[in-house]
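Structural overview for review
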Amino acid sequence: MYFKSDNTSPICPEMMQAIIDANNGYFTPYGADDLSLKLKSTYSDVFETNVTIFPVLTGSAANCLALSVITPPYGIIYAHSESHIYTDECGAPGFYTRGAKIEPIEGEQGKICPNELKKRLSKAGFGNVHASQPAMVTVTQLTELGTIYSLDELKEISDIAHFYGLPVHMDGARFANAVATLNVSSKKASLDSGIDILSLGATKNGAMAAEAVLFFNEAHVKDFAYRQKNAGHLISKMRFVSAQLLAYVKDDLWLRNAEKANFMAQKLSEGLVNSGKAKILYPVQGNELFVEMDHMLLCHLEAKGAQFYRWSNADSTIIRLVTSFSTNLEDVHQFLNLVHSF
């Protein structure tokens, strides 16, 4: 009954096997190996367009390097107030950009409000030497509250950003979960919705340590390769990261893993609603649930071995439950039986 995070799940067998297979012989280092060289054509096929792809080890690096290649030290990054880059990156965006600031924007269900974004940009002081200059908009998919931007919502935000000349970045740590729920192509969920740069997550969805930055427009790549090296993310034995990323999309493994995680979240949600003892705070659209329950019930669940995060503080009655590709129905049923029998 481990529902703390999808970061804690095992490596999925297919990706572990890919690492093992890559551990045979000698390969050119720093991304010049055969596996790494296959990434561009493989991911161009997956996204049905020509992409430039850079593997990195962490989501923080993927996000912050992507932001830094566009955003100057005097720049502004517009992000939701709940976004990971604003609340959980320990100042890394400012570090990687050498001083840019993040301007938080509110919006329901973890999604940027288009009208608020438009209002901020209309008063941003473009060209005013005394003001920080707007540089980029970033969205998170899934959001930090487990919800999904619809394609229309993404397009509306992207259109506003592009009107003001700003590229749009997507933190796609759980992009696969969103694509699985939306049931559209990865291209429609990204490029066709106005996304210029995608931080594609794999670690939460079965990888050991593998993330990637995808550029849909070659003009945005700029000096990314130098920034990647400067930040320590041009890995010498890159083949082990690339092997995971190739296995990730082979035979739609990434979507199958995400579909299972989403299914388990739906089962948890349905069982909690039927119990009458829990309030689901946001629509369950991926693999995360935010739930409010009685304090004594939560203590009972913890005493019986269930693991989850109490949101905001240790005494909170709001918890987050996260499922993954490795979550099984037995654990879901055990958790729900404890809730129903309390």
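Here the structure is a predicted model, which is why all the values come from computation and not from measurement. (Residues numbered from 1 in each chain as written. Predicted model: local features only at pLDDT ≥ 70, side-chain atom pairs only at ≥ 80, totals over all residues. Heavy atoms only, no water.)

Attention now moves to the side chain of Arg239. Assignment of secondary structure puts Arg239 in helix α10 (residues 239-249). Buried Arg239, no salt bridge; nearest opposite-charge side chain is Asp33, N-O distance 6.7 Å. With residues up to four places along the chain from it excluded, the contact list for Arg239 reads Ala22, Gly25, Phe27, Asp33, Leu35 and Ser36. (Helix = DSSP H or I, 4+ residues; strand = E, 2+ residues; numbered from the N terminus. Buried < 20%, exposed > 50% of the residue type's maximum accessible area, 1.4 Å probe, protein only. Lys, Arg positive; Asp, Glu negative; His and termini not counted. Salt bridge = Lys/Arg side-chain N within 4 Å of Asp/Glu carboxyl O. Contact = heavy atoms within 4.5 Å.)

Its location among the elements puts Thr147 in the loop between β4 (133-140) and α7 (151-163). Sequence separation between Thr147 and Ala303 is 156 residues, and the spatial gap between their C-alpha atoms is 30 Å. What Thr147 contacts, discounting residues up to four positions off in sequence, is Gln109, Lys111, Gln141, Leu142, Tyr282, Pro283 and Gln285. Among the polar contacts made by the side chain of Thr147, one reaches the side chain of Thr143 at a distance of 2.7 Å. (Polar contact = N/O pair within 3.5 Å; in protein donor to acceptor, adjacent residues only side chain to side chain.)

Take the layout of surface pockets next. Roughly 550 Å³ of internal volume is contained in the largest pocket. Considering the residues around the largest pocket, the lining is formed by 29 residues, among which Asn7, His84, Glu144, Arg174 and Lys204 are closest to the centre. Within the residue set of the lining of the largest pocket, elements represented by two or more residues are α3 (59-68) and α4 (84-87). Per element, the largest residue contribution to the lining of the largest pocket is three residues, and it comes from α3. Looking at side-chain class alone, the lining of the largest pocket contains seven nonpolar, twelve polar and ten charged residues. Among the elements that make up the lining of the second largest pocket, the one with the highest residue count is helix α1 (residues 13-22) (five residues). Looking at the lining of the second largest pocket, its residues break down into seven nonpolar, one polar and five charged. (1 Å grid on protein atoms, 1.4 Å probe; cavity = no way out; pocket = protein on both sides within 12 Å on 5 of 7 lines; lining within 4 Å. Points joined across faces, edges and corners; volume = space filled by probe spheres on them. Nonpolar A, V, L, I, M, F, W, Y, C, P; charged D, E, K, R; others polar.)

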